[in-house]
Amino acid sequence: MRSTEIALIAPYKELATLVMEACEEWGEEIHVAIANTSEGVLIAKKLIEKGVKILISRGDTASAIRSAVNIPVVDIPITSWDIIKTLKEAKKIGKKIAVVGLEDIIYEIKDLEGILGIELFHIPDDSDIEGHLLWTMRNMELDVVVGRYNINSICKKHGFPAFFIKSGKQAVRQALKQAHEVASAKRQEWVNFERLYSVLNSTYEGIIAVDQQGSISFINKQAKKLLTLNKEDILAKHYSKVLPFIPFEDALRFKHARIGNLCHKEGKTLVNNVVPINIGADVIGAVCTIKDIDYIQSIKQKIKQDSNDGLIARYNFDDIVTNSEEMRKIIERAKKYACVDSTVLITGETGTGKEMFAQSIHNYSERREGPFVSVNCAALPQNLLESELFGYEEGAFTGAKKGGKKGLFELANYGTIFLDEIGEISQATQARLLRVLQQREVMRIGGDKVIPVNVRVVAATNKKIEELVNKDMFRRDLYHRLNVLNLRIPPLRERKKDIPLLIAALFKKLSARLKNKPPKFTREAVKMLENYLWLGNVRELENFLERLIVIKSGGTVEKKDIIEIMGEVNDNLNDSPKITLNMNDTLEEMESKIIKEIIKISKNKEEAAKRLGISTTTIWRKLKTGSK
């Protein structure tokens, strides 16, 4: 702390001069003012406003300042040598001396009577000092008065000779030294405070502290951010006025900690913990920590990912973008399905988001802390699929891993297994799968013992399994085991209102991954996308948008741009012939050509309608529109 942050308020001029001389000897400079009691308090407050951190004064002036300010006040002491010098001066007037005040040392200076050849009489420095002084001086026939600086005015009023005890250089130096020691301690205290303040402001938790009366004494940056508050708005205010949803009362009144409380602020769900601050048996305040529940869930997700070896579900129902009333009903039904453990069969065309629904069901269920295992049954050869699903023992077949291998059902224990493209599995695998669903146990290939599993099964297919059952290509009993609860995800062409929303959501994801700015669409371009068949559904839309964001990054997409890119991506139907599209055709004309080609390779319009996933009425309407 700089010496200019130390100031002296002297009750008399000689003291100020003595301090300035001492400072000059030490080569330093401090603020010096001359004032007594009430005037000294006013000057002290002004000095504090200018940055003074330590005050030095003496006697009653020091006491008055100390009671009015909240910074350290160092008192210049009265030394024994100062008293002896003053008594020797007083003895020149007379030997019978009245000593006013100095209660803390009067009994010690009584020993000086014999040495100095004087007689001392003590007068208390109380509210009636003037009355006591008059009575004692007259009745005891005293010669002179000795006391602090304030005694002079009373004695002068009544004509009594008086000497006030002046502080000498030794006392001044002692006070200056103490002021610097206090300054050093305050500096260290400030460093410690700043360090603690920095730590509290660096944490990801919001922190709020209140004092014993419930007034807010501290709030860190994270708390202000989470609660959208300004520090100035709430400091020194009672928590009930600005933060009534935080249960400080239990901590302050009843000494109870409140852990895991939920509150809502500015659309966020926050978790807060409140604990009392105790010193011994007394509660001197309370502290609250606050976290955003989304942050907690993200940490839980990371922990779950580590503990489940990456077998996690990343999607939730909130990730499903829709503006369709039908889709909202399907989501609500899926949420109900998530609350039970029954098997779910999800049907829908390729690219409609069946796995997103499966993951959302898992994350909405009580199994969300367990693993989520996804397997595409059409992507693996059937002999390999069986060993992957059920595992195998060592030596079960040539190339079998030493020690055997756990199957996906075992890995999914206490979680969910998602069997995509379930219609593709072989009859042998169907039989083994049926046993798992019935008995809740698996037997590894080449093994001779059963392993119990607690797994929720969600299956999906883009095929009509009823037709496979009727053709004896899929076991009827397995179909009924799978089809306990069912969801049909409608194709994109049946929910055209979702297309603008999906474009916005997919562009946000793609632009972040590709580091490209998403383009803007003209109204005609959006209309074309809404009227397109999207036989590959959301997956086809995403692929189309990825190509578009690369080609037209930050630009404007017009009708001709869509026609051009659609012409490049015309192989969008499974088992369909190559279709040559004219870039000058309208989108309706392009759709009409596609429909005509599908009709050519189909037995009739009903079969073509099934292949396209639309009704025969829609086929007639689109053919009519495209021929205009």
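Described in the following lines is the structure provided in the data block. (Residues numbered from 1 in each chain as written. Predicted model: local features only at pLDDT ≥ 70, side-chain atom pairs only at ≥ 80, totals over all residues. Heavy atoms only, no water.)

### Comments concerning the overall build of the chain
Argument step 1. Within the chain, the regular secondary structure consists of 28 helices and 22 strands.
Argument step 2. The buried share of the chain, taken over its 628 residues, is 45%.
Argument step 3. Pairs at least 24 apart in sequence give 63% of the contacts found in the chain among residues at least 6 apart.
Argument step 4. Total accessible area computed for the chain in this model is approximately 33400 Å², and 50% of it derives from carbon and sulfur atoms. (Helix = DSSP H or I, 4+ residues; strand = E, 2+ residues; numbered from the N terminus. Buried < 20%, exposed > 50% of the residue type's maximum accessible area, 1.4 Å probe, protein only. Contact = heavy atoms within 4.5 Å. Areas by Shrake-Rupley, 256 points an atom, 1.4 Å probe, with all protein chains shown as cover.)

### Some remarks on a nonpolar patch on the surface
Argument step 1. Among the surface-exposed residues, Ile 277, Ile 279 and Ile 284 lie close enough to one another that they form a single nonpolar patch of about 250 Å² accessible area.
Argument step 2. Mapped onto the secondary structure, Ile 277 falls in strand β12 (residues 268-279). (Patch = residues over 30% accessible without salt bridge, like charges linked within 9 Å, V, L, I, M, F, W, Y side chains within 5 Å. Salt bridge = Lys/Arg side-chain N within 4 Å of Asp/Glu carboxyl O.)

### Observations regarding the sheet that holds strand β11 (residues 258-265)
Argument step 1. Read from one edge of the open sheet, 5 strands run β10-β9-β13-β12-β11, paired in antiparallel fashion. Unpaired on one side and paired on the other, β10 (216-219) and β11 mark the two borders of the sheet. Between one strand and the next, the sheet's axes are offset by a mean angle of 25°, whatever the strand orientation.
Argument step 2. The pairing of β11 with β12 spans 6 bridges and is classified as antiparallel. (Pairing = 2+ DSSP bridges. Axes fitted to C-alpha atoms, helices over the stretch in contact; angles between N-to-C directions.)

### Some words on unusual backbone geometry
Argument step 1. Positive phi values are uncommon outside glycine, yet Lys 255 reaches one of about 60°.
Argument step 2. Locating Lys 255 in the fold gives a position in the loop between α13 (248-254) and β11.

### Examining the nonpolar core
Argument step 1. With 31 residues, the main nonpolar core has Leu 389, Phe 409, Ile 417, Leu 419, Ile 422, Leu 433 and Phe 474 as its most contacted residues.
Argument step 2. At the level of elements, β15 (372-376), α17 (382-390), α18 (408-411), β16 (416-420), α19 (427-439), β19 (456-461), α20 (465-470) and α21 (476-482) are the ones that each hand at least two residues to this core.
Argument step 3. Examining the composition of this core, we find that 4 residues originate from one element, α19, more than from any other.
Argument step 4. Phe 409 has contacts with Leu 389, Phe 390, Ile 417, Leu 419, Leu 433, Val 436, Val 442, Val 453, Val 455 and Val 457, leaving out every residue within four places of it along the chain. (Core = buried A, V, L, I, M, F, W, Y, C linked by side-chain atoms within 4.5 Å.)

### Some points on helix α16 (residues 354-364)
Residues that lie three or four places apart on an α-helix share one face, since the helix turns once every 3.6 residues.
Argument step 1. In terms of burial, α16 is a largely internal element, 8 of the 11 residues being buried.
Argument step 2. Taken as a whole, α16 has its buried residues at Lys 354, Phe 357, Ala 358, Gln 359, Ser 360, Ile 361, His 362 and Asn 363.

### Examining the packing of aromatic side chains
Argument step 1. Scanning all chains against the criterion turns up 8 aromatic pairs.
Argument step 2. Ring geometry for Phe 317 versus Tyr 364: centroids 5.5 Å apart, planes at 75°, classification edge-to-face. Placement of Phe 317 in the loop between α14 (293-307) and α15 (325-338) and of Tyr 364 in helix α16 is noted, with a sequence separation of 47 residues between them.
Argument step 3. The class of Phe 317 is buried, set by a relative accessible area of 7%. (Phe/Tyr/Trp six-rings, centres within 6.5 Å; stacked < 30°, edge-to-face > 60°.)

### Topic: the sheet that holds strand β4 (residues 73-75)
Argument step 1. In space, the 4 strands of this open sheet follow the order β2-β1-β3-β4, with parallel pairing throughout. Edge strands, defined here as strands with exactly one partner in the open sheet, are β2 (31-34) and β4. Here the average twist between neighbouring strands, direction ignored, is 20°.
Argument step 2. As paired strands, strand β1 (residues 6-10) and strand β3 (residues 54-57) are joined by 3 bridges and run parallel to one another. Bridge pairing in β3 links Ala 7 to Leu 55.
Argument step 3. Helix α1 (residues 13-26) contacts β1 and β2 of the sheet and is inclined by roughly 150° relative to β1.
Argument step 4. Strand contacts of helix α3 (residues 59-68): β1, β3 and β4, with the helix running at about 160° to β4, the strand carrying the most contacts.

### Brief notes about helix α2 (residues 37-49)
Argument step 1. Compared with an ideal rise of 1.5 Å per residue, which puts 13 residues at 18 Å, α2 spans 19 Å between its outermost C-alpha atoms and is within 8% of the ideal.
Argument step 2. Within α2 the residues assigned to the buried category are Gly 40, Val 41, Ala 44 and Leu 47. Buried residues of α2 fall within an arc of 125° about the axis and therefore sit on the same side. In α2, the exposed positions that point more than 90 degrees away from the buried face belong to Ser 38, Leu 42, Lys 46 and Glu 49.
Argument step 3. Contacts from the buried residues of α2 go to β1, β2, β3 and α3. (Expected span 1.5 Å × (residues − 1). Arc of directions from axis to C-beta.)

### Focus: the side chain of Asn 261
Argument step 1. Inspection of the secondary structure assignment puts Asn 261 in strand β11.
Argument step 2. Side chain to side chain, Asn 261 and Arg 258 meet in a polar contact 3.1 Å long.
Argument step 3. In contact with Asn 261, not counting residues within four places along its chain, are Pro 247, Leu 270, Val 271, Asn 272, Asn 273 and Val 274. (Polar contact = N/O pair within 3.5 Å; in protein donor to acceptor, adjacent residues only side chain to side chain.)

### Some points on the environment of Met 590
Argument step 1. Of note, Met 590 is situated in helix α26 (residues 587-600).
Argument step 2. Since its relative accessible area comes to 3%, Met 590 is described here as buried.
Argument step 3. When the C-alpha atoms of Met 590 and Tyr 532 are compared, they prove to be 9.4 Å apart, with 58 residues separating the residues in sequence.

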